[in-house]
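# Structural features, examined
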Amino acid sequence: MQERYKHNSNDILDLEWRMAWVTPWFMAQEGLTGLATESRVGTIDYEASMPYRGEDAEWLEFQNMSVNGDKYPRGFNVKHQSNQELWSGCSGIGLERWASAFYAQKGLDPEKWPEAFRKIVGELPEGIRFL
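Described below are features of the structure shown in this document.

Thresholds, definitions, all that
- Residues numbered from 1 in each chain as written.
- Predicted model: local features only at pLDDT ≥ 70, side-chain atom pairs only at ≥ 80, totals over all residues.
- Heavy atoms only, no water.
- Buried < 20%, exposed > 50% of the residue type's maximum accessible area, 1.4 Å probe, protein only.
- Helix = DSSP H or I, 4+ residues; strand = E, 2+ residues; numbered from the N terminus.
- Pairing = 2+ DSSP bridges.
- 1 Å grid on protein atoms, 1.4 Å probe; cavity = no way out; pocket = protein on both sides within 12 Å on 5 of 7 lines; lining within 4 Å.
- Points joined across faces, edges and corners; volume = space filled by probe spheres on them.
- Nonpolar A, V, L, I, M, F, W, Y, C, P; charged D, E, K, R; others polar.
- Salt bridge = Lys/Arg side-chain N within 4 Å of Asp/Glu carboxyl O.
- Contact = heavy atoms within 4.5 Å.

Across the 10 residues that make up strand β3 (residues 60–69), a large majority, seven, are buried. In this sheet, β3 lies alongside strand β2 (residues 42–48) in antiparallel orientation, the contact comprising seven bridges. By the bridge assignment, A48 is partnered in β3 with L60. One ladder, built from six bridges, connects β3 with strand β4 (residues 88–93); its direction is antiparallel. For Q63, the partnering residue across the bridge sits in β4 and is I93.

Pasting the structure below:
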């Protein structure tokens, strides 16, 4: 998934972005802040710069990917038939945030959008215009 996310951000959307390894909310809630780096449990936030916010502004998280460890299988009493440990994970993509990052960095003029993105989107229908 990380490779596909990188492909989308680099090769299609051509965004300025970064990854941040963070403590998942459930670990922070349980007082385990800072332990995500010691285990393989944690969240990768994908963040895009927002040029209109200025050079030192916070970046916008537009997607993430979490490895939740055994938190939810244990919590919901899910077991493997041969007693192996089960882990879960999830990923979230904010389409509105993708769009916000894209428009903030690339503008509203389709002629200035990356070629790979324009190829996928194709010709915009008549009547759609950006103000």
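The next subject is the layout of surface pockets. Each pocket or cavity is described by its volume, and for the largest pocket that value is around 160 Å³. Forming the walls of the largest pocket are P110, E111, W113, R118, V121, G122, E123 and L124. Looking at the lining of the largest pocket residue by residue, the class counts come to four nonpolar, one polar and three charged.

A word on the pattern of salt bridges. Scanning the entire structure with this criterion turns up six salt bridges. For K6, the salt bridge goes to E3, with nearest N and O atoms at 3.6 Å. Of this pair, K6 and E3 both sit in helix α1 (residues 2–12), separated by three residues, roughly a single helical turn. Taking relative accessible area as the criterion, K6 reaches 26% and is therefore assigned partly exposed. The class of E3 is exposed, set by a relative accessible area of 56%.

The next subject is the environment of D45. Relative to the assigned elements, D45 resides in strand β2. Apart from the residues lying within four places of it in its own chain, the contact partners of D45 are R18, M19, A20, V22, E61, Q63 and N64.

Unlike most non-glycine residues, D14 shows phi in positive territory, near 55 degrees. One can find D14 in the loop between α1 and β1 (17–22). Phi angles above zero are rare outside glycine, and N77 is one such case at about 55 degrees. With respect to the secondary-structure elements, N77 resides in the loop between α3 (71–75) and β4. Given a relative accessible area of 55%, N77 falls into the exposed group.

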